[in-house]
Amino acid sequence: MKQDSSSWIARSLASVWHPCTQMQHHEEVPLIAVSHGKGAWLYDHEGRRYLDGISSWWVNLFGHANPRINAALKDQLDKLEHAMLAGFTHEPVVELSEQLSALTGHALGHAFYASDGASAVEIALKMSFHYWRNAGYPNKGEFVCLQGSYHGETVGALAVTDVPLFKEAYGPMVRAAHVVASPDMRNAMEGESSQDIARRAAEDVERLFEERGDKIAAMIVEPLVQGASGMAMYDRVYLEMIRELCNRHHVHLIADEIAVGCGRTGTFFACEQAGIWPDFMCLSKGISGGYLPLSLVLTTDRVYEAFYSDDIRRGFLHSHSYTGNPLACRAALATLQIFREDDVLRRNRERATKLVAALAPLAEHERTRHFRQRGMIFAFDAIEPDPQRASTFARRFFTVAAENELLLRPIGRTVYLMPPYVLDDEEIALLGERTARVFDAVIAG
């Protein structure tokens, strides 16, 4: 017997603990029970549709139920669903590692796999920490992150996360990191350009490195856009400067490209826009096209060689049962194939121009500020003077958006759009018009 949305919602609330959610809020904000997806749209059991304006938490690149990714997975299912990657290997993981390395010009030639973004961050932190011990510098064990940074919610990733909402409850479990100024363009003082802010923030890093560089293992950044801190965007000169500082003070640079990689900022890797490569690059979210859990860390020959030994204690003894899962890797290979065959980055530049035009009324709205765009990421901040209303802005916006056929989930008072790379002109126009309609309704109360 077919069940309707209300039945699935009731069963979910009784048995599923949903992520990043105060479950009591679902007494006021109902769950949406998804039946199926197609292209940029999700559908519930009654046929109501929702334009996925945030790519289902930034993972979906080429639409739901993409026929090419589906075909690749169906083919892989008949060959190999999974095999352990310790002592074994398989075609999808080898081909994916080779193709990703080639995309970095082979600057990063070794891939270590996991399943989620936070795990990738943990791997990069552990690799850096262990590298310095293997290299004969056991005192280098401290880490640096940006103000407002977010790198995941496992204990190690929380150490380099500077969002109190996620971190405060677990303070006694978390190792402290150095927090340096963010190059967020919204921090501009009168007369400052985005490059001025970037240089000022880099000076903060330089002061820290001069004082404690011999103790610091690595600095971690989200290149160009700090996602969970409200889509904080900054100038590429910051990346150029901290790469030079890391080189000078022998500090590893970890690029968390989990949200900003895979074309989100306009180039396949955000680091490309600064002409730099990190020592470790973390990927997840869009790398599998939004199909299956997959994450990985790319690193250099130099790092790899520091672990290469007949002494097992010098090896990187980190593992996940589903490391390098063939199905997830095959989805990633299909995703990379679409990038190549469809000239996605060029087409996204055209989509981005049209979306900026469609969102122009919001950019000029009297109750918004800091409209910003980088590649296929768009954001603006709502002006909501009343503290009580400001505290509920995101929930109210999500609810009204769903009533208007949109899936949008603000971060605090920052409304952002990060849609899949399949929107046509009609969907672009609808997304712009409906977002403005929702914003007016929420601001009006």
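This structure is a prediction, so every number in the text was calculated from the model and none was measured.

Trainee: I'm lost on a nonpolar patch on the surface in this one. Help?
Mentor: Nonpolar side chains collect at one region of the surface, where Val155, Tyr170 and Met173 lie side by side and expose about 300 Å² of accessible area between them. As for its position among the elements, Val155 is in helix α6 (residues 155-159). Taking the relative accessible area as the measure of exposure, Val155 reaches 39% and is therefore partly exposed.

Trainee: Please explain helix α12 (residues 344-358) as it appears in this structure.
Mentor: Since the α-helix advances by 3.6 residues per turn, residues separated by three or four positions end up pointing in the same direction. Between its terminal C-alpha atoms α12 stretches 20 Å, which fits the 21 Å expected from 15 residues at 1.5 Å a residue. For α12, the set of buried residues is Val344, Asn348, Arg351, Ala352 and Leu355. Taken down its axis, α12 places every buried residue within 110° of arc, on the same side. When the buried face of α12 is taken as reference, the exposed residues oriented beyond 90 degrees from it are Thr353 and Ala357. Check the buried side of α12 and you find it contacts α11 (326-342), β13 (368-374), β14 (377-382) and α16 (425-444).

Trainee: Please explain the sheet that holds strand β2 (residues 41-44) as it appears in this structure.
Mentor: Two strands in a sheet stick together by hydrogen bonds in their backbones, pointing the same way (parallel) or opposite ways (antiparallel). Strands sit in the order β1-β2-β3-β15 across an open sheet of four strands; the sheet is mixed. Lying at the two open borders of the sheet, with one neighbouring strand each, are β1 (34-38) and β15 (406-407). Where β2 lies against strand β3 (residues 49-52), three bridges are found, and the strand directions are antiparallel. Looking at the pairing, Tyr43 lines up with Arg49 of β3.

Trainee: Just checking my understanding: could you explain the packing of aromatic side chains for this structure?
Mentor: A complete count under the given rule lists 16 aromatic pairs for this structure. Residues Phe268 and Phe269 carry aromatic rings whose centres are separated by 4.9 Å and whose planes lie at 85° to one another, so their mutual orientation is edge-to-face. The pair formed by Phe268 and Phe269 is uniform in burial state, with each residue classed as buried. For the pair Phe339 and Tyr421, a centre-to-centre distance of 6.2 Å together with 75° between the ring planes defines the contact as edge-to-face. Note that Phe339 is positioned in helix α11 and Tyr421 in the loop between β16 (414-417) and α16, a separation of 82 residues in sequence. There is no split in this pair, since Phe339 and Tyr421 are both buried. Here Arg49 stacks its cationic end above the ring of Trp41, 3.8 Å away from the centre of that ring. In this structure, Lys140 is placed above the aromatic ring of Trp132, and the distance from its NZ or CZ to the ring centre is 4.7 Å.

Trainee: Looking at this structure, how should I read the packing of α11 against α12?
Mentor: Packed helices, taken two at a time, are described by the angle between their axes plus the distance between the axes. Between α11 and α12, the shortest axis-to-axis distance is 6 Å and the interhelical angle comes to 75°. What the angle tells us is that α11 and α12 run roughly perpendicular. Facing α11, whose interface residues are Ile338, Phe339 and Asp342, α12 presents Val344, Leu345 and Arg347. Residues belonging to the contact of α11 with α12 are distributed by class as follows: four nonpolar, no polar and two charged.

Trainee: Explain the pattern of salt bridges to me, please; I cannot follow it from the model alone.
Mentor: In total, this model carries 27 salt bridges according to the counting rule given. A salt bridge links Glu46 to Arg48; the nearest nitrogen and oxygen atoms lie 3.2 Å apart. Here Glu46 falls in the partly exposed class, since its relative accessible area comes to 39%. Between Asp204 and Arg207 there is a salt bridge; the shortest N-O distance is 3.5 Å. Linking Asp204 with Arg207, this pair stays in helix α8 (residues 194-212), spanning three residues, or about one helical turn. A network of salt bridges, in which partner residues are shared, links Arg49, Glu405, Glu433, Arg434 and Arg437.

Trainee: I tried to follow the environment of Asp52 on my own but got confused; where do I start?
Mentor: Structurally, the position occupied by Asp52 is in strand β3. Along the primary structure Asp52 and Pro385 are separated by 333 residues, whereas in three dimensions their C-alpha atoms are 29 Å apart. Apart from residues lying up to four places away in sequence, Asp52 is in contact with Ala40, Leu42, His64, Leu407, Pro419 and Pro420.

Trainee: Mind showing me how you'd approach the pairing of β16 here?
Mentor: Burial along β16 is two-sided: Thr414 and Tyr416 facing one way and Val415 and Leu417 facing the other are all buried. Pairing analysis gives four bridges linking β14 to β16, with the strands arranged antiparallel. From the neighbouring strand, Phe380 faces β16, where its bridge partner is Val415.

Trainee: I'm lost on the UniProt feature "binding site: pyridoxal 5'-phosphate" (unreviewed entry) in the protein in this one. Help?
Mentor: Per the UniProt record, "binding site: pyridoxal 5'-phosphate" (unreviewed entry) is annotated on Gly117, Ala118, Asp256, His320 and Ser321. These residues run over 205 residues, and the two farthest C-alpha atoms among them are 22.8 Å apart, placing them at more than one spot. Relative to the helices and strands, His320 resides in the loop between α10 (301-307) and α11. Classification of His320 by relative accessible area gives partly exposed; the value is 23%. In this structure, His320 is in contact with Tyr113, Ala114, Ser119 and Ile123, ignoring residues within four places of it in sequence.

Trainee: Just to check I follow, could you spell out the UniProt feature "modified residue: N6-(pyridoxal phosphate)lysine" (unreviewed entry) in the protein for this structure?
Mentor: In the numbering used here, UniProt assigns the feature "modified residue: N6-(pyridoxal phosphate)lysine" (unreviewed entry) to Lys285. On the secondary structure map, Lys285 appears in the loop between β11 (280-283) and β12 (295-299). Not counting the four nearest positions on each side in its chain, Lys285 is found in contact with Trp57, Trp58, Val59, Ile258, Ala259, Gly290 and Leu294. At 3.3 Å, the side chain of Lys285 forms a polar contact with the backbone oxygen of Trp57.

Trainee: Even after reading the chapter, I still don't get the nonpolar core, so can you show me in this structure?
Mentor: Grouped burial of nonpolar side chains is what soluble globular proteins tend to show. Counting residues in hydrophobic clusters, the biggest one holds 102 residues, and the most contacted among them are Leu96, Phe209, Met219, Tyr238 and Phe397. Per element, the largest residue contribution to this core is ten residues, and it comes from α11. Excluding residues that lie within four positions of it along the chain, Phe397 makes contacts with Leu408, Pro410, Val415, Thr435, Val438, Phe439 and Val442. With 26 residues, the next largest nonpolar core counts Cys145, Ala218, Ala306 and Phe307 among its residues.

Rules used in this analysis
- Residues numbered from 1 in each chain as written.
- Predicted model: local features only at pLDDT ≥ 70, side-chain atom pairs only at ≥ 80, totals over all residues.
- Heavy atoms only, no water.
- Patch = residues over 30% accessible without salt bridge, like charges linked within 9 Å, V, L, I, M, F, W, Y side chains within 5 Å.
- Areas by Shrake-Rupley, 256 points an atom, 1.4 Å probe, with all protein chains shown as cover.
- Salt bridge = Lys/Arg side-chain N within 4 Å of Asp/Glu carboxyl O.
- Helix = DSSP H or I, 4+ residues; strand = E, 2+ residues; numbered from the N terminus.
- Buried < 20%, exposed > 50% of the residue type's maximum accessible area, 1.4 Å probe, protein only.
- Expected span 1.5 Å × (residues − 1).
- Arc of directions from axis to C-beta.
- Contact = heavy atoms within 4.5 Å.
- Pairing = 2+ DSSP bridges.
- Phe/Tyr/Trp six-rings, centres within 6.5 Å; stacked < 30°, edge-to-face > 60°.
- Lys NZ or Arg CZ within 6 Å of the ring centre and 35° of its normal.
- Axes fitted to C-alpha atoms, helices over the stretch in contact; angles between N-to-C directions.
- Parallel < 35°, antiparallel > 145°, perpendicular 65-115°, else oblique.
- Nonpolar A, V, L, I, M, F, W, Y, C, P; charged D, E, K, R; others polar.
- UniProt positions renumbered as here; feature names shortened; annotations may be inferred.
- Polar contact = N/O pair within 3.5 Å; in protein donor to acceptor, adjacent residues only side chain to side chain.
- Core = buried A, V, L, I, M, F, W, Y, C linked by side-chain atoms within 4.5 Å.

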